[in-house]
Amino acid sequence: MKLQSFPGCTFVDGGVCAAKGFKANGVCCGLKHQALSEASEPDNQANGISTAPKKNDLAMIAADQECNVAAVYTQNKFKGAPILVTKKHLENGKARAVIVNSVNANTCNADGVEKAEMMCRLAADALQISPEDVVVASTGVIGQTLPIEPIAAAVPALAEGLSVNGNAEAVHAIMTTDTREKEIAVSFTLGGKTCKLGGMLKGSGMIHPNMATTLTFLTTDCAISGAMLQQALSDVVRVTLNRVSVDGDQSTNDMVCVMANGMAGNPEITKESEDYLVFRGALYAIMLNLARMCAADGEGATKLIECIVSGAESEETAETIAKSIICSSLFKAAMFGADANWGRIACAMGYSDCSFDISKVDVKMASAKGEIAVAEKGFGVPFSEDKAKEVLLEDEIQVLIDLHSGECAACAWGCDLTYDYVKINGDYRS
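Below: a short report on this structure. What you are looking at is a predicted structure, and each value in this text was computed from that prediction instead of being measured.

Quick word on the nonpolar core
Core analysis: the biggest nonpolar cluster contains 43 residues, and Phe 188, Leu 218 and Phe 279 have the highest contact counts within it. Per-element tally for this core: the top contributor is helix H6 (residues 274–296), with 14 residues.

Comments concerning the packing of aromatic side chains
The description of an aromatic ring pair uses the distance of the two centres, along with the angle that the planes make with each other. Inspection of the entire model under this criterion finds 3 aromatic pairs. With 5.2 Å between their ring centres and 90° between their planes, Phe 336 and Tyr 419 make a pair best called edge-to-face. Of this pair, Phe 336 sits in helix H8 (residues 329–336) while Tyr 419 sits in helix H11 (residues 419–426), and the two are 83 residues apart along the sequence. Given the relative accessible area of 28%, Phe 336 is considered partly exposed. For Tyr 419, a relative accessible area of 63% puts it in the exposed group.

Describing the pairing of strand E7 (residues 193–202)
In the case of a regular strand, side chains alternate between the two sheet surfaces. Within E7, 7 of the 10 residues are buried, leaving the element largely enclosed by the surrounding structure. In this structure, strand E6 (residues 183–190) lies alongside E7, joined through 8 bridges in antiparallel fashion. If you follow Ile 184 over to E7, its bridge partner there is Gly 199. Taking the residues between adjacent antiparallel strands as the criterion, E6 and E7 are bridged by 2 residues, where Gly 191 takes a positive phi near 55°. Pairing geometry for E7 and strand E8 (residues 215–220), over 6 bridges, is antiparallel. When the bridges of E8 are listed, Met 200 appears paired with Phe 217.

What counts and what doesn't
- Residues numbered from 1 in each chain as written.
- Predicted model: local features only at pLDDT ≥ 70, side-chain atom pairs only at ≥ 80, totals over all residues.
- Heavy atoms only, no water.
- Core = buried A, V, L, I, M, F, W, Y, C linked by side-chain atoms within 4.5 Å.
- Buried < 20%, exposed > 50% of the residue type's maximum accessible area, 1.4 Å probe, protein only.
- Helix = DSSP H or I, 4+ residues; strand = E, 2+ residues; numbered from the N terminus.
- Phe/Tyr/Trp six-rings, centres within 6.5 Å; stacked < 30°, edge-to-face > 60°.
- Pairing = 2+ DSSP bridges.

Now the structure itself:
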């Protein structure tokens, strides 16, 4: 997938370790799905240790000094225990480290908060910091008790192995059904100082707008106040991750967290200014590309779908229509089959609860193979089915809608709906 650039930003390597003063690591502590048959692993069932092929399942990010931290969380009423603990720890807006596991979401468990707090204490002891300075996150199966023993046994080595080159190991550890790593970093200049901002994301299924289902961790050496960091994050998430949908299901464990340690030495950003706009632009470049990576790697997906609605009376109208289209199962299935059935687009627009003039609507579909118009002024127009098939067989598809009613626009991202999505989710716990 081609990265989308942004003025003033240069892509660099390193992910969450690109910025000064951050290290990361990931290890396999051997967490397992508790739903597996006791008969298959009798010796390890009680302590939740897996004998399956090794994959990293525990990650850590650590900062050399205290950071200003901002975060946004899922809006699901069933919030994972790590979310509850992290929100409490970040009441002062400060943190030094992140610990996160995959395989088990630690959600809807009577001892969930206790286990999340234990993870923070384990990390804090290994790093010689306060447990309140640790952000904790989990992802995986909901409603199964999180075994703490494998985590406790692995944390010392996890912390000992922290490295400025440890971003790859950390990314692997947070992946669940993801098929590819999702990380990115950029450099930018503030006050004559080079700043860097990097991030990593996991997210493939149970993805829906209003905090799209991801665990996303961002680090920067830019000096920025906690208040401005939170403002930038909230603003950028709204137009990136909040506009991604894979399957219409919003997770219990969503979290986006950004840590800023100020080690780049730029004058601290404390108000809206030119420097703030540069920082927000860098954050947008990171989050936009992570959002696209997330949509492109939707469970079973073969195509990234980008829906751009322009000519709207308001951004809200454009956003609502774009989301309605990329959330439509019928439309997503049509894209899997490379079928230019624009009636499914019209249907999704029609139930979006937005006011617009149908007689002004134009619809086009585009990809690297070209562009075809399928509707003008609300009515279908003749087009070559062969050309349409050629356009829609590409792995990145654009749906371009012009409402011809205003100056506002919005974009949303999704993917096609394939047979493999059902296969993946039919035996997710096994």
